[in-house]
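Chain by chain, the residues:
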Amino acid sequence: MLEGVSFRVAPGRGLVLRGPNGIGKTTLLRAIAGLQPPLSGRVEGAGERAGYASHADGIKPALTVAETLGFWADLYRAELPEAVYDWFDLADLRDRPAGTLSAGQGRRLGLARLAVIGREVLLLDEPTVSLDAASVRRFAAFIRDRHLAQGGIAVLATHIDLGLELPEIDLTPHRAAPEARGGSDEAFL
Amino acid sequence: MRAVLGRDLRLAVRAGGGFGLGLAFFLIVVVLVPFGVGPETEILSRIAPGILWVAALLAALLSLDRIFALDHEDGSLPLLATAPLPLEGLALAKALAHWLTTGLPLVVAAPILGVLLHLSGPGMLWLLVSLAIGTPALSLIGTFGAALTVGLRRGGLLLSLIVLPLYVPVLIFGAEAARRGADGLSVATPLLLLGGIGLGCAALLPFAAAAALRVTLR
Amino acid sequence: MSIWSYANPRKFLDTTGPWVPWLMWLSAAVLAVGLVWGFFFTPEAERFGSSVKIIYLHVPSALMAINAWLMMLVASLIWLIRRHHVSALAARAAAPVGMVMTLIALVTGAIWGQPMWGTWWAWDPRLTSFLILFLFYLGYIALWTAIPDPDQAADLTSVLCLVGSVFALMSRYAVNFWNQGLHQGASLSLDKQENVADVFWVPLLVCMAGFVLLFVALVLLRTGTEIRLRRIRALRARARRAETVPA
């Protein structure tokens, strides 16, 4: 889908991926996360250090907010910092089953997962969908003041301006040409 | 693994988790059989081990498509795949959770339902033992089948078509052990073969399931 | 030159394409000779009467039913290890052929069983194994057709073929164990050479050769079709991409 994309992100820095729908932002993030191998090229330094957040939050309606975050902390063998509930404004919702949350609240829970898994490289696919303005500011503050400030790395695909003043890369010029090589179809042309 | 296991068990017992559905299905099948074959004690007690094994197998089949499908629908699967737990471990944890919520209740309920079919005393014992040894293999095979068909439309039907032939050896040895036990014959050979299949499944099928999951996630 | 160069779809088509009609005619000729010889020019066996002549269909089709699965297993392994598309497509192409062979073996077995055992179907270990094999073919083909992405389908069906092979083998022995001794006398092990006189054996060999040729011809033909389907798909995808990007 994309070709000739190359970037390097230093610790404590972030990067915003821009480009129209369908250009391949999600594909690029999934490739960095190691979910699908790139047709050519390589990803360095992510792998075991990367945490990935997709469009979907993977929330189980039957589990409460606290149980959901506890599960992810447990799975990543990380501590669940008490402050997470404040960072993402979830303190009042702790014992609510996730199925009763609104879309925006659910998204906040999905993003709070990133704060408990303790990964240095966060790969965020449209993190602010269905968030209200205040929640967007909270999320931006988390990325800037917590994650990047501690030397973390964030790669975001987003259409809105988070006010993070991160460098941006526009993927539009990198759209692969129709006759581009690669892919399983190539053998049959 | 413990985390995934805990989560799946918790999800299964909460509302909408479907815990106990397999058990209810098991009960209904066993109740229906006498209506089909007639109430003669002799016939029922003779076919009881086989009926109970087939019914347990179908009940285990019933909940297989939930193993990965729900995680696929709500987007948990890629998140789980990028977690430190390897996919092989995930598959094993899922199979264990499926056995604890489906297989184990069936094992416990089988002798009770055996009463309805006039199963003899030793028959009940060996039915219990053979199910206890055989149902983990059913869960492992089912997890592999669920990994193959996750995300496919009409996946549930396809899953049965793929998994049921794979169940044949387990069913044969399991039911044979129960039948021999009921007849007072030696049960060692089928039980050992059943255990061997179970251990082989536990050793190899998580890898096959993980390979299938990797392909699906790509 | 390496044998793997034939894994290139175009080279495969160019090479095998001209063979297919020849193989078809050859298999037809060999089968005609074998079947006519077997049906009309062999004596009737004393125990079986003329019913024995069905072995000229039953045994070769049973042989190919198993060999087709073995071929799929090898092709699946090649796909998983070396990622040659032709290999995956050949496995896909062989499956329906193998399934039909299994069906022929089952039907002829039932027809033969009627005068021999007095019943159309007996849960004889061998017949039962073929019934299970038939179910494996069904599941394999169903999985291929259910997955839209061809590479994903090739991967998943290959994994199923590998695991299925192990379970099919286990089922074979499980079935033997399950029904040991019930049909001992009736188990018609005519397909073992030592039990068969040469007058029956030679035409049987000819029939087997005919079935092998038929199988090879059908698989090459069907693999060619699968390759062309993939090529159509690839060309369509390229045309679509060209539309979305303004020149």
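Okay, so let's go over this structure. Small disclaimer: the values here were computed from a predicted structure and weren't measured. (Residues numbered from 1 in each chain as written. Chains lettered and ligands numbered in written order. Predicted model: local features only at pLDDT ≥ 70, side-chain atom pairs only at ≥ 80, totals over all residues. Heavy atoms only, no water.)

### Points about the overall build of chain B
For chain B, the helix and strand inventory stands at ten helices and zero strands. Starting at the N terminus, the α and β elements of chain B follow one another as α-α-α-α-α-α-α-α-α-α. Over its C-alpha atoms chain B spans a radius of gyration of 18 Å, differing by no more than 12% from the 17 Å that the globule rule assigns to 218 residues. Judged by the C-alpha coordinates and their principal axes, chain B covers about 55 × 35 × 30 Å. Taking all 218 residues of chain B together, the buried fraction comes to 57%. Of the contacts formed within chain B by residues at least 6 apart in sequence, a portion of 80% connects residues at least 24 apart. (Helix = DSSP H or I, 4+ residues; strand = E, 2+ residues; numbered from the N terminus. Rg over C-alpha atoms; globule rule 2.2 N^0.38 Å. Buried < 20%, exposed > 50% of the residue type's maximum accessible area, 1.4 Å probe, protein only. Contact = heavy atoms within 4.5 Å.)

### Let's talk about the interface of chain B and chain A
On the chain A side, the residues contacting the 22 residues of chain B number 25 residues. Across the interface of chain B and chain A, roughly 2100 Å² is buried in total on both sides, 63% from carbon and sulfur atoms. One salt bridge connects B:Arg10 with A:Glu67, and the closest N-O pair in it is separated by 3.5 Å. There are five residue pairs in polar contact (both at pLDDT 80 or more) connecting chain B and chain A. (Buried area = accessible area lost by both parts, 1.4 Å probe. Salt bridge = Lys/Arg side-chain N within 4 Å of Asp/Glu carboxyl O. Polar contact = N/O pair within 3.5 Å; in protein donor to acceptor, adjacent residues only side chain to side chain.)

### Description of the packing of helix α4 (residues 66-73) of chain B against helix α6 (residues 87-116) of chain B
All names here are of chain B. Running from amino to carboxyl end, α4 crosses α6 at an angle of 120 degrees, the nearest separation of the two axes being 10 Å. When the axis of α4 is compared with that of α6, the two are oblique. Contacts between α4 and α6 involve Ile67, Phe68 and Asp71 on the former and, on the latter, Leu90, Ala91, Lys94 and His98. Across the contact of α4 with α6, the residue classes break down as four nonpolar, one polar and two charged. (Axes fitted to C-alpha atoms, helices over the stretch in contact; angles between N-to-C directions. Parallel < 35°, antiparallel > 145°, perpendicular 65-115°, else oblique. Nonpolar A, V, L, I, M, F, W, Y, C, P; charged D, E, K, R; others polar.)

### Some thoughts on unusual backbone geometry
The phi torsion at A:Asp89 lies on the positive side, around 55 degrees, for a residue other than glycine. Residue position: A:Asp89 is located in the loop between α3 (84-87) and α4 (103-116). When its relative accessible area of 35% is taken as the criterion, A:Asp89 is described as partly exposed. We note that C:Arg83 has phi near 55 degrees; this positive angle belongs to a residue other than glycine. Summarising the element assignment, C:Arg83 is placed in the loop between α3 (55-82) and α4 (85-117). A residue is classified by how much of its surface remains accessible, and C:Arg83, at 35% relative accessible area, is partly exposed.

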